[in-house]
Amino acid sequence: MSKMRRDSVTKVFLSESDIPKQWYNIVADMPNKPEPYISPMTGKVATPDEMSAIFPKAIIEQEMSTERFIDIPEEVRKMYAQWRPSPLYRARNLEKLLDTPARIYYKYEGVNATGSHKLNSALAQAYYNKASGIKRLTTETGAGQWGSALSMACNHFGLECAVYMVKVSYQQKPYRRSFMQTFGATVTASPSNLTKSGRAILEKDPESTGSLGIAISEAVEDAVSRNDTNYALGSVLNHVCLHQTVIGLEAKKQLEAIDEYPDVVFACCGGGSNFAGIAFPFLQDKFNGTKIRAVAVEPAACPSLTKGVFAYDYSDTAKMAPLSKMYTLGSDFVPPGIHAGGLRYHGASPIVSQLYHDGFIEAKAYGQKAVFDAAVMFARSEGIVPAPESSHAIRAAIDEALLAKEAGEEKVILFNLSGHGYFDMSSYDYYFSGEMEDIEYSGIDLESNIKNLPKVEK
Ligand SMILES: *Cc1c(COP(=O)(O)O)cnc(C)c1O
């Protein structure tokens, strides 16, 4: 591609042949590798054998791999071609609105049918499960994006899909449920009475609105109980972060085509996968000495990185999934019903956590009102209604651009627009009603929840 002039460009498309052929595995370059998973059964390092109860061999290999680049299967790459390479935009109107000397770019992952980055990993996971002879996948979904992505991927590769959807989202987002059903998935509100872990929660609290931790327990229990069934997770795990790196690999190429390189990269952070996706390929440069900042942006109501502790913790409420060393608010923490459902997880990716612990990345937290202010500002200037999750990154990018204005600096800002918000209009309604409140994380729960952290000896 010829170098376009950066001063005139508004969006950078690449051609199909520019879709990456390999994912970038950051573990290869990390000075301190993420700590291994611990089996909740034995209290020892989880073996590939134990993990094979819920994951296919190829995924387990990726989870533990230290290879720098891993081939993307041709069938997956072909599906990527439906919407990849995704566009990179320059936020010209937003820049004008902010009157900033900064140049703001965003990578837009909402251009596939499911509306978020999650399809990048869903297709890969469905493919590997199908290839290993699995007939059915279970999963949890918070806001509904991951469930949508996996439903579509399972439909494509001919797998059944059972989704446990956090009850509060099930009620707030009926169209997400219809979407998943369109692609043939079975959707159950969690906690449900289909599983032991669901029933245990309902016994204690029949009104429970659920949490990701509970829904994960239900999906894992379902998968463990059947031989033809595996489990798929939409974030947090190393292989999910790996699959998402197509985002950053493309963004690098797109910026290169207009002779740009970011000073700072922002992405919202729930489990960490879209942050990983955009940031890891740039962090590879950072390990080689390039100056670049990467900032994970989380909700003030569920601030795992900025307020949590770095420790081994359970990944789910029923303590069935492997334990991981991560920043956590404690697996008993049930986040408040904030309107960025996809960011309501008590922990974070072990890789992202290790990078944060080692000072390679930064983290920042915002309340939801400031986030929706930014979302609306972005919609009105750029013409895309952003997902509430993604809007955390927008908030941070706007604040950075305003800082650049104060300092009179020509900064280059890149953020990931992880998805669109067209299924989230009820959250926007709530914001416009003036009743939306910021729910600050009190930290009171942290003290009691971290008392329950598992003791791990490796
Ligand atoms: C799921 C989701 C997130 C949060 O998950 P990560 O794994 O942290 O990326 C963010 N944005 C959108 C649009 C999502 O669907």
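Residues numbered from 1 in each chain as written. Predicted model: local features only at pLDDT ≥ 70, side-chain atom pairs only at ≥ 80, totals over all residues. Heavy atoms only, no water.

J.: What is the right way to look at the overall build of the chain in this model?
T.: Across its full length, the chain holds 19 helices and 15 strands. The C-alpha radius of gyration of the chain comes to 20 Å, within 12% of the 23 Å expected for a compact globule of 458 residues. Along the longest, intermediate and shortest principal axes, the C-alpha atoms of the chain span 60 × 50 × 45 Å. Taken over 458 residues, the chain has a buried fraction of 63%. Across the chain, contacts joining residues at least 24 apart in sequence account for 76% of those joining residues at least 6 apart. As presented, the chain carries roughly 17300 Å² of accessible surface, and 49% of it is formed by carbon and sulfur atoms. (Helix = DSSP H or I, 4+ residues; strand = E, 2+ residues; numbered from the N terminus. Rg over C-alpha atoms; globule rule 2.2 N^0.38 Å. Buried < 20%, exposed > 50% of the residue type's maximum accessible area, 1.4 Å probe, protein only. Contact = heavy atoms within 4.5 Å. Areas by Shrake-Rupley, 256 points an atom, 1.4 Å probe, with all protein chains shown as cover.)

J.: I'm lost on the packing of helix 9 (residues 196-204) against helix 10 (residues 212-224) in this one. Help?
T.: Axes are the key here: two packed helices are described by the angle between their axes and the distance separating the axes. Taken N-terminus to C-terminus, the directions of helix 9 and helix 10 make an angle of 145 degrees; their axes are 7 Å apart at the nearest point. Of the residues in helix 10, those touching helix 9 at Lys196, Ser197, Gly198 and Ile201 are Ile214, Ser217, Glu218 and Glu221. Residue composition of the contact of helix 9 with helix 10, by class: two nonpolar, three polar and three charged. (Axes fitted to C-alpha atoms, helices over the stretch in contact; angles between N-to-C directions. Nonpolar A, V, L, I, M, F, W, Y, C, P; charged D, E, K, R; others polar.)

J.: Even after reading the chapter, I still don't get the sheet that holds strand 6 (residues 136-141), so can you show me in this structure?
T.: What links the strands of a sheet is backbone hydrogen bonding, and the strands pair in either a parallel or an antiparallel sense. Ordered in space as 8-7-6-9, the four strands form an open sheet in which the pairing is parallel. The outermost strands of the open sheet, each flanked by one partner alone, are strand 8 (186-190) and strand 9 (229-231). Each neighbouring strand pair of the sheet contributes to a mean axis angle of 25 degrees, computed without reference to strand direction. (Pairing = 2+ DSSP bridges.)

J.: Is there a simple way to explain the nonpolar core in this structure?
T.: Buried together is how nonpolar side chains tend to be arranged in soluble globular proteins. In terms of nonpolar packing, the biggest core is built from 57 residues, with Trp23, Phe55, Val76, Tyr80, Leu123, Leu150 and Tyr231 touching the most fellow members. Of all the elements in the fold, those that place two or more residues in this core are helix 2 (57-64), helix 3 (74-80), helix 5 (119-131), helix 6 (145-157), strand 7 (160-166), helix 10 and helix 11 (238-244). The contacts of Val76, once residues within four sequence positions are left out, are Trp23, Leu123, Ala124 and Tyr127. Ala251, Leu255, Val352 and Val412 belong to the second largest nonpolar core, which has 37 residues in total. (Core = buried A, V, L, I, M, F, W, Y, C linked by side-chain atoms within 4.5 Å.)

J.: Honestly, the sheet that holds strand 11 (residues 293-299) in this entry has me stumped. Any pointers?
T.: On the basis of which strands lie adjacent, the open sheet formed by seven strands has the order 1-4-5-15-10-11-14 and mixed pairing. At either end of the open sheet lies a strand with only one pairing partner, and these are strand 1 (11-12) and strand 14 (362-366).

J.: What is the right way to look at the side chain of Ser169 in this model?
T.: With respect to the element layout, Ser169 can be found in helix 7 (residues 167-172). Overall, Ser169 belongs to the buried group, its relative accessible area being 5%. The contact partners of Ser169, leaving out residues within four places of it in the chain, are Gly142 and Ala143.

J.: So what exactly am I meant to see when it comes to the site of the ligand here?
T.: Taken together, the neighbourhood of the ligand is formed by 19 residues, with Lys118, Ser235, Gly270, Ser273 and Ser418 sitting nearest. A distance of 2.5 Å is found between an oxygen atom of the ligand and a side-chain nitrogen or oxygen belonging to Ser235. Side-chain polar atom of Ser273 to an oxygen atom of the ligand: 2.7 Å apart, as the coordinates give it. In the complex, 98% of the free accessible area of the ligand, which totals 380 Å², lies under the protein chains. Across the shell around the ligand, the residue classes break down as four nonpolar, 13 polar and two charged. (Near = heavy atom within 4 Å. Polar contact = N/O pair within 3.5 Å; in protein donor to acceptor, adjacent residues only side chain to side chain.)

J.: Would you explain the environment of Ala81 in this entry?
T.: By the element assignment, Ala81 lies in the loop between helix 3 and strand 4 (88-90). Along the sequence, Ala81 and Ala387 sit 306 residues apart, while their C-alpha atoms lie 23 Å from each other. Every residue in contact with Ala81, bar those within four places of it in the chain, is listed here: Glu16 and Ile19.

J.: Would you explain the pairing of strand 12 (residues 309-313) in this entry?
T.: Along any regular strand, the residues point their side chains to alternate faces of the sheet. Along strand 12, four of the five residues are buried, which leaves the element largely enclosed by surrounding structure. As paired elements, strand 12 and strand 13 (residues 324-328) share five bridges and run antiparallel to each other. Note that in strand 13 the partner of Asp313 across the bridge is Ser324.

J.: I tried to follow helix 13 (residues 273-287) on my own but got confused; where do I start?
T.: Side chains of residues three or four places apart in an α-helix project in the same direction, reflecting 3.6 residues per turn. The end-to-end C-alpha separation of helix 13 is 20 Å, in line with the 21 Å expected for 15 residues at 1.5 Å each. The principal kink in helix 13, of about 45 degrees, is found at Ala279, preceding the proline Pro281 by one to four residues. Extensive coverage of helix 13 is indicated by the burial of 13 of its 15 residues. Just beyond helix 13, the residue with positive phi is Gly289, at close to 105 degrees. (Expected span 1.5 Å × (residues − 1). Bend = angle between axes of the 7 residues up to and from the residue.)

J.: Got a minute to help me understand the pattern of salt bridges in this structure?
T.: Where side chains of opposite charge bring their charged atoms close, a pairing between them can arise. All told, the structure shown has 20 salt bridges when counted by the stated rule. A salt bridge links Glu362 to Arg293; the nearest nitrogen and oxygen atoms lie 2.8 Å apart. In this pair, Glu362 sits in strand 14 while Arg293 sits in strand 11, placing the two residues 69 residues apart along the sequence. The partly exposed category is assigned to Arg293, whose relative accessible area is 28%. Across the pair Arg395 and Asp399 runs a salt bridge whose closest N-O atoms are separated by 2.9 Å. Residue Arg395 and its partner Asp399 are both found in helix 17 (residues 390-407); the two are separated by four residues, about one turn of the helix. The structure contains a network of salt bridges with shared partners spanning Arg293, Glu362, Glu400, Glu409 and Lys411. (Salt bridge = Lys/Arg side-chain N within 4 Å of Asp/Glu carboxyl O.)

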